[in-house]
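Single-letter residue listing:
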Amino acid sequence: MVYKYKGLDRSGSKAQGRIEAPTLGDAKRRLQAQGILFEWVKESGESWWQKLQGIRRAPLPTKELSNFSRNLSIYLKSGVPLIKAINLLKTDVSHPKLGDFLIAIETMIEEGKSFYTAIETQKVVTLPGFYKQSLKVAEENGLLEMVLLELSHFLKKQEQMVKQVKKALTYPMFIMIISILMVGVMLTVVVPKITAMLEQMHKETPPLTQFVIDTGEFVSAHWLMILVVFTAFAYAFGWIKKHNRRFKYAYDTFMMKLPLFGRLIRTSELARFAYIASMLLRSGVPFVHTVKLSANILNALPIKDRMDEAATYVVEGKKFSQALVKAKFTIDQAFLQAIALGEETSELPQMLENLSELYNEENKDTTDTFLSLIEPVLILVVGLIMGIIVSAMLLPIFSLNLAS
């Protein structure tokens, strides 16, 4: 919870700002510990939407987390103390949650807590598990500025990939929306006029035309129900996938077997795993913990389960490549062979980094190929639908001409 306050500091100067604390009483005690004689302390005013986000502890946007990590790393490399660096970051905040997040960790660090403890116990936003664990190890080994910069690069790459896909999908989505509107107009405006004309002339309607007419009437009469059912189905599907592990496992397995998407999902997951594992190993994290932490960032359960099982065999003393074989890791044989080679040459961190770059390049090429194909496919599908509708409208006119 974030509270606003106003009062005087130790020097007698006016002091006002915000402070994070579980309760109002804790906020007052923290201000007293800082030597601030407060005039008033009250909960920071938030809109109902902000309060809802606070209850859900929404994640900090990837871009904001990347910028925070980079800027903090730069300050620390310049010799600025941690608490001073966080205070400086507060002066240039572009996201409201980031401001509250900085206030929260600054307050706890001033109380003597470590940076990792402040990150872990703050209640403003949720952060990825691998991010927090990386900071914990980095702080323990005096590598905080280096790991922060590595995390910033990783998060930036993830953000760039998402932006690239969104940008490439903009035009196809525009075509899809326009096409849906055109079909809607045809079914709700043009089709009823043709229907009325045929009824007046007492002519038999061709089967294709009748099908289009029935479809148009159904959509016109039940469009709201269709929208509600579609929305409810999408929400139920997302909820089940999130809360039912068996369903999610089956869904992930199915997606990974698709011709184009499957390869994209597999390489994307392995690239993320390899990058984080490489960074953690260079930061001094024990290999067993590296595998477990890196597996936590994976979304595809079939891969995550294999990695978790392999980690248990690594604990027993097996090499990672042997553990993957015993865990029946058959997702990508090239990945397994590269791991074995890295272990033989004692260059596993570098090999993992190379694998990450290789898979990312492959993903980029695959994504570009997919996005270049989706536009003509959409145009073809829309053209086919419009052709069917136009043909259905022209058939009665041709039949009238033939009859005359």
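It should be emphasised that the depicted structure is a prediction, and the values quoted were computed from it without experimental measurement.

### Considering the overall build of the protein chain
Along the backbone of the protein chain there are 16 helices and 3 strands. Against the compact-globule benchmark of 22 Å for 404 residues, the protein chain has a radius of gyration of 29 Å, which places it well outside the compact range. The principal-axis extents of the C-alpha atoms in the protein chain amount to approximately 100 × 65 × 35 Å. Burial analysis of the protein chain (404 residues in total) assigns 38% to the buried set. Taking the contacts inside the protein chain whose residues are at least 6 apart along the sequence as the reference set, 60% of them involve residues at least 24 apart. Per element, the accessible surface of the protein chain, about 22,900 Å² overall, is 62% carbon and sulfur. Taking the average place of the 47 positive charges on the side chains of the protein chain and the average place of its 39 negative ones, the gap between the two points comes to 5 Å.

### Examining unusual backbone geometry
In this model, K328 sits at a positive phi of 60 degrees, which is unusual for a non-glycine residue. One can find K328 in the loop between α14 (320-326) and α15 (333-344). At S346, a residue that is not glycine, the phi angle is positive and equals roughly 60 degrees. Following the sequence through the fold, S346 ends up in the loop between α15 and α16 (348-403). With a relative accessible area of 62%, S346 lands in the exposed category.

### Remarks on the packing of aromatic side chains
Applying the stated rule across the entire model yields 10 aromatic pairs. Note on F237 and Y251: the rings are 5.4 Å apart at their centroids and 75 degrees apart in plane angle, and the pair reads as edge-to-face. Of this pair, F237 sits in helix α9 (residues 207-243) while Y251 sits in helix α10 (residues 245-256), and the two are 14 residues apart along the sequence. Note on F287 and F320: the rings are 5.3 Å apart at their centroids and 70 degrees apart in plane angle, and the pair reads as edge-to-face.

### Focus on helix α3 (residues 62-77)
The terminal C-alpha atoms of α3, which comprises 16 residues, lie 22 Å apart, in line with the 22 Å expected from a rise of 1.5 Å per residue. Within α3, the full set of buried residues consists of E64, L65, S66, F68, S69, L72, S73 and L76. Downstream of α3 by a residue or two, G79 has a phi angle that is positive, lying close to 90 degrees.

Here is what the cut-offs are and how they apply
- Residues numbered from 1 in each chain as written.
- Predicted model: local features only at pLDDT ≥ 70, side-chain atom pairs only at ≥ 80, totals over all residues.
- Heavy atoms only, no water.
- Helix = DSSP H or I, 4+ residues; strand = E, 2+ residues; numbered from the N terminus.
- Rg over C-alpha atoms; globule rule 2.2 N^0.38 Å.
- Buried < 20%, exposed > 50% of the residue type's maximum accessible area, 1.4 Å probe, protein only.
- Contact = heavy atoms within 4.5 Å.
- Areas by Shrake-Rupley, 256 points an atom, 1.4 Å probe, with all protein chains shown as cover.
- Lys, Arg positive; Asp, Glu negative; His and termini not counted.
- Charge placed at Lys NZ, Arg CZ, Asp CG, Glu CD.
- Phe/Tyr/Trp six-rings, centres within 6.5 Å; stacked < 30°, edge-to-face > 60°.
- Expected span 1.5 Å × (residues − 1).

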